[in-house]
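# Structural description and commentary
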Amino acid sequence: MHHGLPLPGSDQVSERPTLEPPRSSGDRTQVRDRWWRDPYLVVAIPVGLWAILVTLRHTWTSDFLLHLATVDSLARDLWDPVDPLVGQASGSPYYSPYALLLGVIKAATGLSARTVLESAGMVNVALLIFALRRFCRHLGGGRLVAALALVFTLLLWGVAPIAWSGFLGMYSLSWIMCYPSVIGTALMLLVWDAFLRHRSRPEGMGALATVALLGALVVLIHPFTAVNMTIGLVAFVLADPKAALRARPVALALGAVVAFLLVMVWPWSDVSTLFGAAGSFNTVHKVLITDVVKDGGFAAYGLALVGLPALATGGRRPLGRELQILFLLAVAVISAGAATGSYGLARAIPVAMLPLHLALASYLAERAKGWRPYAAVALIACCVGLYGESAGLIRAYWGNVSPATLRAWKAPPPAPSYDQVLDGIEPGEVVITDDWALARLVNARGAYTVAPGWPYPFVDEAARNRDTTAFFAPDTDPRDRLAIAERYGATCALVTRDRAILKRDAHPGFTVTARMTSPRAVRLCRS
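Quick summary incoming for the structure in this document. For clarity, every value in this text was computed on a predicted model and none was experimentally measured. (Residues numbered from 1 in each chain as written. Predicted model: local features only at pLDDT ≥ 70, side-chain atom pairs only at ≥ 80, totals over all residues. Heavy atoms only, no water.)

### Regarding helix 6 (residues 142-155)
What counts here: For every residue, the accessible area obtained with a 1.4 Å probe (protein chains only) is divided by the maximum for its type, and the residue is called buried under 20%, exposed over 50%, and partly exposed between those limits. Helix numbering and strand numbering both begin at the N terminus, where a helix is a DSSP run of H or I of at least 4 residues and a strand a DSSP run of E of at least 2. Residue contacts are counted whenever heavy atoms from the two residues lie within 4.5 Å of one another.
The element helix 6 is extensively covered by neighbouring structure, given that twelve of its 14 residues are classed as buried. Contacts made by the buried residues of helix 6 are with helix 2 (39-57), helix 5 (113-136), helix 7 (170-176), helix 18 (349-366) and helix 19 (371-388).

Here is the structure:
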């Protein structure tokens, strides 16, 4: 809710203009009396309720398990934790201030890592909603612009949107709301807001301090989002160089130095290791480039193009040039990533989408010339987008959903349960398994695996994968299997495919301790 004077272009006008003076920043009574008429709350409250319902289903997968492992590992040893996947390296890039805070909460309260992480997800959504509204104050259009921006950000992606960390469509957000990328994106918007405030009023230091502190947090919490944050800051400088020069460039440089020092002194991880490991994450991101190239990316992102006319013609609107340059820079970064094989740069896709959403919201909120037919097209696009995001919408349904219904709504089926063989795994134990999905479930229980279940170039992945393959190979000498287990301190093995290891004397010192048939899995542990 906006307090104080109406924003430029706002439709907040006094009902008695000849008798009432303009509302001062301290006169908030009238606003409080009409809070329920705030269009942003009309949209934000249902979104918040949707996030709560999704959380109450407790159905997560993929990287959620990684973040569970991270919180668990930090809670066990806040001051000198080993890495959360294999338990070998000291520290981890995943040990960000966000993860550390959740680890402290778990250690202090005794709550489960799942409860702490799920609660953080709802807070992340609330912070994202707050940050988007705060940034939208720079777009003009009054209170309506933020409401439209939130709707477009959730719906205008594609008819077959992709769920990925940092992507804010409803389907993606339903899976990633607990991830560091969501709080990172919220902080990015707050950094942009603070920079724009400093650019327009450089006499104070509060906004600049906010840029330095929150900017450092974004780098530590989610480096991919930090790249996007930098693209935005560069766009804001290029859009108005004179204003940037008036904003005391020496002070800006000092703020950048402070942010850099804060990042470098963070004791739980060495961010510089990410530069050497960036290439190791290329393969996993290639699908993002493939989605853009295939059919022009329309299936995944095409609905956002509804905002292209508003963006192209919006140079004279508030923040219009900034959004145009932001879009062009983001597209250039993505194109460079595709051309050079640096597929991780495709993580700039969200900041290529955001200017399209914000420009459309600004255009319609200001009711520029021709806004009625444009609004009709945008409404149709939102309806199509709601259908496309239906797999995220259904995740808020509190009843049982049949597999047929999930397929009809294009939602993924629930992951199979391996609880029968996992229940005997203790936190801190080392497990060797022939299935990467099962390795992730092991990590989620606070245990470690020989081969990491996620790309993790901070240890010798190749050697660990070779040893895991050799352990389960049918022609491996039993003594070699035992040597591999002892090399990594593995106390249990989980078998899903390679049945040769279950033969008598194939695994000296290991005995079968649990079996399950659907899905098929066997747990063997050392005596």
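### Considering a nonpolar patch on the surface
What counts here: Patches here are clusters of residues that have more than 30% relative accessible area and form no salt bridge, with a 9 Å joining cutoff for like charges and a 5 Å cutoff for nonpolar side chains (Val, Leu, Ile, Met, Phe, Trp, Tyr). Surface exposure here means Shrake-Rupley accessible area, sampled with a 1.4 Å probe, where a residue is shielded only by the protein chains that are shown. By definition here, a salt bridge exists when the distance from a side-chain nitrogen of Lys or Arg to a carboxyl oxygen of Asp or Glu is within 4 Å.
Together, Leu213, Leu254, Val257, Val258, Phe260, Leu261, Leu262, Met264 and Val265 give the surface a local cluster of nonpolar side chains, amounting to about 820 Å² of exposed area. With seven residues, the single largest contributor to the nonpolar patch is helix 12 (residues 249-264). Looking at where Leu213 falls in the secondary structure, it is placed in helix 9 (residues 206-221).

### Structural notes on the sheet that holds strand 5 (residues 520-526)
To keep things clear, this is the line we draw: Strand pairing is defined by DSSP finding a minimum of two bridges between the two strands.
Reading across from one edge, 2-1-3-5-4 is the order of the five strands in this open sheet, with mixed pairing throughout. In this open sheet, the two edge strands, each paired with only one partner strand, are strand 2 (448-449) and strand 4 (510-517). In this structure, strand 4 lies alongside strand 5, joined through seven bridges in antiparallel fashion. Residue pairing for strand 5: Thr511 is matched across the bridge by Cys525.

### Here we look at the pairing of strand 1 (residues 430-433)
Put simply, the test is: A crossover gets the label right-handed when its path from the first strand over the helix to the second runs clockwise, viewed with the strands pointing away from the viewer.
The side-chain alternation of strand 1 yields two buried faces, one formed by Val430 and Ile432 and the other by Val431 and Thr433. Bridge analysis of strand 1 against strand 2 gives two bridges, and the strand direction is parallel. Within the sheet, the bridge partner assigned to Val431 lies in strand 2 and is Thr449. Considered for its hand, the β-α-β crossover made up of strand 1, helix 23 (residues 436-444) and strand 2 is right-handed. Across three bridges, strand 1 lies against strand 3 (residues 492-495) in parallel orientation. Directly across from Ile432, in strand 3, lies its bridge partner Ala493.

### A look at the state of the cysteines
So the rule is basically this: For this text, the term disulfide refers to a pair of cysteine sulfurs within 2.5 Å.
Here the structure, examined in full by the defined rule, presents one disulfide. Across the disulfide from Cys492 sits Cys525; the S-S distance is 2.1 Å. Its S-S torsion of about 100° marks the bond between Cys492 and Cys525 as right-handed, since a negative value means left-handed. Here Cys492, found in strand 3, pairs with Cys525, found in strand 5; they are 33 residues apart in sequence, far enough to count as distant. Neither Cys492 nor Cys525 differs from the other in exposure class; each is buried.

### Focus on the nonpolar core
Stated precisely, the cut-off is as follows: Here the nonpolar core consists of buried residues drawn from Ala, Val, Leu, Ile, Met, Phe, Trp, Tyr and Cys, with membership extended through side-chain atoms lying within 4.5 Å.
Counting residues in hydrophobic clusters, the biggest one holds 124 residues, and the most contacted among them are Met177, Leu189, Trp192, Tyr301 and Leu358. Setting aside anything within four residues of it in sequence, one finds Leu358 in contact with Leu132, Phe135, Cys136, Leu139, Ala149 and Leu323.

### Points about helix 9
Since the α-helix packs 3.6 residues into each turn, any two residues three or four apart lie on the same face. The following threshold applies: One less than the number of residues in a helix, times 1.5 Å, gives the span that helix is expected to have.
Over its 16 residues, helix 9 runs 22 Å from end to end, which matches the ideal 22 Å to within 8%, given 1.5 Å per residue. Along helix 9, the residues classified as buried are Ala207, Leu208, Val211, Ala212, Leu214, Gly215, Ala216, Val218, Leu220 and Ile221.

### Comments concerning the pairing of strand 5
Put simply, side chains in a regular strand alternate between the two faces of the sheet. The element strand 5 is largely enclosed, with a buried count of five among its seven residues. As paired elements, strand 3 and strand 5 share four bridges and run antiparallel to each other. When the sheet's bridge partners are listed, Val495 is paired in strand 5 with Val522. With antiparallel pairing between neighbouring strands as the criterion, strand 4 and strand 5 make up a hairpin whose turn holds two residues.

### Re the packing of aromatic side chains
The condition that has to hold: Aromatic rings from Phe, Tyr and Trp, with only the six-membered ring used for Trp, were paired whenever their centres fell within 6.5 Å, and each pair was classed as stacked if the ring planes differed by under 30 degrees, edge-to-face if by over 60, and tilted otherwise. Cation placement over rings: the criterion is NZ of Lys or CZ of Arg within 6 Å of the ring centroid and within 35° of the ring normal.
Inspection of every chain in the model, using the stated rule, returns 14 aromatic pairs. Ring centres of Trp60 and Phe64 lie 5.1 Å apart, and the angle between their planes is 15°; this geometry places the pair in the stacked category. Take Trp60 and Phe64: they sit in the same class, and that class is buried. Where Phe135 meets Trp192, the ring centres are 5.7 Å apart and the plane angle is 55°; that geometry is what we call tilted. In this pair, Phe135 is assigned in helix 5 and Trp192 in helix 8 (residues 180-200), connecting sequence segments 57 residues apart. The burial state of Phe135 is the same as that of Trp192; both residues are buried. Just above the ring of Trp60 sits the side chain of Arg395; from NZ or CZ to the centre is 5.3 Å.

### Regarding the side chain of Ser181
Condition: Between N or O atoms, a polar contact is any pair within 3.5 Å; within protein, one atom must be a potential hydrogen donor and the other a potential acceptor, and residues adjacent in sequence are included only when both atoms are from side chains.
Mapped onto the elements of the fold, Ser181 is located in helix 8. Residue class for Ser181 comes out buried when judged on its relative accessible area of 0%. Polar side-chain contacts of Ser181 include one of 3.1 Å to the backbone nitrogen of Gly166. Those residues in contact with Ser181 that lie beyond four places of it in its chain are Ser165, Gly166, Ile176, His222 and Thr225.

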